[in-house]
Structure formats: structure tokens, C-alpha cells
Amino acid sequence: MAIRVAESVVAAPSREEAGGLPDGGNGADHRRLPAMDAPVVIEVTDLTKRFGAGVVAVDDLSFTVRRGQVVGLLGPNGAGKTTTLRALLGLIRPTSGTMAIFGETIRPGIAVLSRVGALVEGPGFVPHLSGRRNLELYWRAGGRALSDAHLDHSLDISGLGPAADRKVKTYSHGMRQRLGFAQALLGKPELLVLDEPVNGLDPRQIVEVRESLLRIAASGTTILLSSHLLSEVEQTCSHVVVVHRGRLMQAGTVAEVTASVASAYLEVDDPNAAAALLAGLPGVQSVEPSPPGIVVQLDGAERSDLVAALVGAGLRVDTVTPRRSLEDAFLELVGEHSV
Ligand code: ATP
């Protein structure tokens with residue numbers, strides 16, 4: 001059966017449950033997390049994809065997505081995110097490795113893909129027809145009864161509003177993306193796969209798409225989305241799989257990945273003096289400005305050591321927190337931290 005692939009759109013919502021990424025991640029998160037033993041929805045095992053002789057787009061990547069999770073596949077440009085999603089959807093053949101969705105090994109056209117709604121780069125819409133009409137035609141083209149499409153439900157969740165009855169050629173980029181989103185939601189899929197869903201959207205549209213995703217996630221749909229936007233993953237995902245140069249860097253709940261990086265964020269009255277002082281302390285790996293404060297990557301030193309050194313030097317410390325955000329963890333994981 002045809003899978004539902006449209007053009008790119010969305011980002012995701014926060015969710016419940018921990019359940020495992022590569023090895024069964026878990027843990028406390030500030031969000032409600034789905035149960036650790038929730039059924040496995042996606043299992044990617046040792047996935048490698050080479051293009052030609054030289055390009056290794058995905059390199060021995062493994063991760064697991066469990067029911068109810070909203071998982072962000074996070075990585076910089078060229079990390080292999082799109083390639084991973086395309087392989088997962090049976091759109092390209094992996095060089096090696098296996099992928100399963102709902103326990104079924106993926107190969108092109110496999111029936112289990114009918115339970116998946118996807119939004120990766122792909123076909124556009126017929127411009128002189130309304131959004132609604134486009135969705136009807138799309139659904140029927142797969143030989144399915146319109147009564148199974150839950151078209152109004154999809155349009156409701158995607159938030160397209162009255163624009164659904166306007167010609168697609170009058171749509172803004174954001175409206176097109178929402179139509180793509182509605183298309184992916186046709187038939188109430190159990191799993192949504194979204195490639196860079198908020199790419200190209202303005203801040204207001206990003207918020208709207210995020211809200212749509214939250215509604216979808218709240219209805220129990222599992223979501224895997226790719227993003228290079230740390231803030232999106234942090235705000236909307238329960239879990240994160242960090243990839244870089246095709247390889248898995250880390251996976252777990254957002255809180256776990258963030259906590260895995262020993263770092264401190266400090267606000268002091270003289271950040272330059274503090275940075276110079278702390279950079280010379282034993283157990284400090286690096287110090288970088290992060291206005292209005294500084295971020296210190298720790299390699300053995302405790303946060304209390306930092307505070308003692310600063311106070312001892314006559315500097316005033318206003319704020320000390322274990323970390324600033326997923327961004328710090330991400331930058332450290334992909335090795336692009338500046339000193
Ligand atoms: P982006 O957000 O920039 O698309 P990405 O993480 O989605 O990044 P991919 O699109 O999966 O990354 O690309 C991973 C690597 O594989 C890149 O070096 C890319 O140039 C290369 N690549 C992707 N598709 C092909 C292809 N069809 N032929 C050759 N190289 C490819």
C-alpha cells in the first residue's frame with residue numbers, strides 16, 4: 001500500500017513516557033513520559049547508507065522508538081537525518097542494516113506503511129484545486145474509501161481552518177505545510193514521520209505547528225521528527241536521538257541527554273574575568289561566553305569549585321545552574337564547542 005508522503009512540515013510536542021532509545025532509555029523527565037516498556041514502534045538496527053563510493057550518509061545507526069514517544073532526530077545539516085527517514089519509509093534501500101515498524105521489517109511498499117503518516121520532501125499539490133480536494137484525491141488515489149480518511153479530523157488538527165476550501169495556489173508557505181501535515185494525518189496513522197517540519201516557517205507558524213503536534217501527540221500518536229533546531233526538539237519532544245556525520249552520538253530522554261553533559265551556566269558581575277579565571281582551573285574543559293553569562297564544560301571539577309574560585313577572587317556570582325539547555329549538550333556531542 002502506498003505510504004503517505006508529502007512535502008516537509010512540522011516539529012513536535014512534548015509527551016509521556018521514557019521507553020528506550022538505543023538501549024531502552026528511561027528516566028525522569030520534567031515531562032510526563034510514556035512507560036518504559038511501551039511497545040516498540042520503530043527499531044532501527046545498524047543502519048548504514050552509502051551513496052556511491054565516497055559518501056557515508058548514515059553509519060551504523062541504531063535506535064528505538066516506543067509507542068507514545070515524540071522523538072527528535074537531531075543533527076546538523078548533512079548529519080543523515082533525511083536519509084534515515086527515507087530508508088525507514090522504504091523510499092531508499094539501505095546499504096546494510098535493518099529497520100522495522102510495528103515489528104515488520106521494512107521493504108518498499110510493505111503494507112505496514114499504511115499505518116504511517118509521513119511528511120518528507122515529496123509531491124506537491126494540484127495548485128488550482130482546494131486543499132480539501134487535494135486531500136480527497138490523494139486518499140482516493142490509494143484506492144481507499146473516503147469515509148476512512150477522517151478528513152475533517154485531519155484538517156482540524158492541522159489547523160488549516162477555512163483555507164482548506166481555497167485553491168492551493170493562494171496558500172502561503174505555512175498553509176502548504178499545514179496541508180501536507182493534514183495529508184500525513186489522513187486515516188489517523190499510529191505513527192507520524194516528519195522531516196524538518198518547521199523549516200521555512202516564521203515564528204508564529206512554528207508555534208502553531210507545535211501546537212498541532214501537541215494535539216496529535218496527546219491523542220496517542222507516536223511521532224518521529226527530524227530537526228536541526230535544538231529549541232524545537234527541546235520544547236516538543238520527549239526523547240532525542242542525536243546524530244552527527246551519520247553516526248549516533250547519544251539518545252535518551254531530552255533530560256537525560258542534557259544531563260549527560262557536565263556543564264555549568266554562571267552569571268557573574270564580570271564575565272570576562274570569570275572566564276579567564278575558570279579556564280585555568282583544574283577539571284575545567286572549556287569556557288565559552290553565553291550572554292549574559294558563561295558556560296563551563298566540566299571535566300572533573302564540581303560546580304561548587306567554580307563558585308569557590310570566583311568568590312575567592314572577589315567576583316560576585318548571581319546564578320549557577322547545572323546547564324543551560326539541550327544546546328550545550330548538542331554542541332558538545334557534535335564536537336563543535338568553541339573554547
Ligand atoms: P539536511 O538537513 O542538510 O538535509 P540531513 O541530516 O537530512 O541534512 P541527509 O540529507 O540525510 O542529511 O544527507 C546526509 C549526507 O548524505 C550528506 O552529505 C548528503 O550530501 C549526502 N546525500 C544525501 N542524499 C544523497 C544522494 N542521493 N546522493 C549522494 N549523496 C547524498
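For clarity, every value in this text was computed on a predicted model and none was experimentally measured. (Residues numbered from 1 in each chain as written. Predicted model: local features only at pLDDT ≥ 70, side-chain atom pairs only at ≥ 80, totals over all residues. Heavy atoms only, no water.)

**What about the pattern of salt bridges?**
Summed over the entire model, instances satisfying the criterion amount to 10 salt bridges. Where Arg115 meets Glu190, a salt bridge forms, and the shortest distance between an N and an O atom there is 2.8 Å. Of this pair, Arg115 sits in the loop between strand S6 (104–105) and strand S7 (116–119) while Glu190 sits in the loop between helix H4 (173–185) and strand S8 (191–195), and the two are 75 residues apart along the sequence. Residue Glu190 is classed as partly exposed on the basis of its relative accessible area, which comes to 37%. A salt bridge links Arg133 to Glu136; the shortest N-O distance between them is 3.0 Å. Taken together, the residues Arg133 and Glu136, both in helix H2 (residues 131–141) and three residues apart, mark about one turn of the helix. Arg133 sits in the partly exposed class, given a relative accessible area of 34%. Note on Glu136: relative accessible area 18%, which makes it buried. One continuous salt-bridge network, built from bridges that share partners, spans Arg132, Asp152 and Asp165. (Salt bridge = Lys/Arg side-chain N within 4 Å of Asp/Glu carboxyl O. Helix = DSSP H or I, 4+ residues; strand = E, 2+ residues; numbered from the N terminus. Buried < 20%, exposed > 50% of the residue type's maximum accessible area, 1.4 Å probe, protein only.)

**Some remarks on the site of the ligand**
Every residue lining the ligand is accounted for by Phe51, Val55, Ala57, Pro76, Asn77, Gly78, Ala79, Gly80, Lys81, Thr82, Thr83 and Glu196. Here Ala79 contributes a backbone N or O atom positioned 3.0 Å from an oxygen atom of the ligand. With respect to the ligand, the side chain of Lys81 contributes an N or O atom lying 2.8 Å from an oxygen atom. In isolation the ligand offers 630 Å² of accessible surface; the protein chains occlude 57% of this area. Of all the secondary structure elements, the ones that give two or more residues to the shell around the ligand are strand S3 (55–66) and helix H1 (81–88). Ranked by residue count, the leading element in the shell around the ligand is H1, at three residues. Taken together, the residues that form the shell around the ligand break down as five nonpolar, five polar and two charged. (Near = heavy atom within 4 Å. Polar contact = N/O pair within 3.5 Å; in protein donor to acceptor, adjacent residues only side chain to side chain. Areas by Shrake-Rupley, 256 points an atom, 1.4 Å probe, with all protein chains shown as cover. Nonpolar A, V, L, I, M, F, W, Y, C, P; charged D, E, K, R; others polar.)

**Description of H4**
The terminal C-alpha atoms of H4 lie 19 Å apart, and with 13 residues this matches the ideal 18 Å at 1.5 Å per residue to within 8%. Of all 13 residues that make up H4, 10 are buried, and the element is covered over most of its length. The complete set of buried residues in H4 reads Gly174, Gln177, Arg178, Leu179, Gly180, Phe181, Ala182, Gln183, Ala184 and Leu185. Immediately downstream of H4, the backbone of Gly187 shows phi near 80°, a positive value. (Expected span 1.5 Å × (residues − 1).)

**Topic: the side chain of Thr64**
Mapped onto the elements of the fold, Thr64 is located in strand S3. Residue Thr64 is classed as buried on the basis of its relative accessible area, which comes to 5%. Side-chain polar atoms of Thr64 contact the side chain of Glu43, separated by 2.6 Å.

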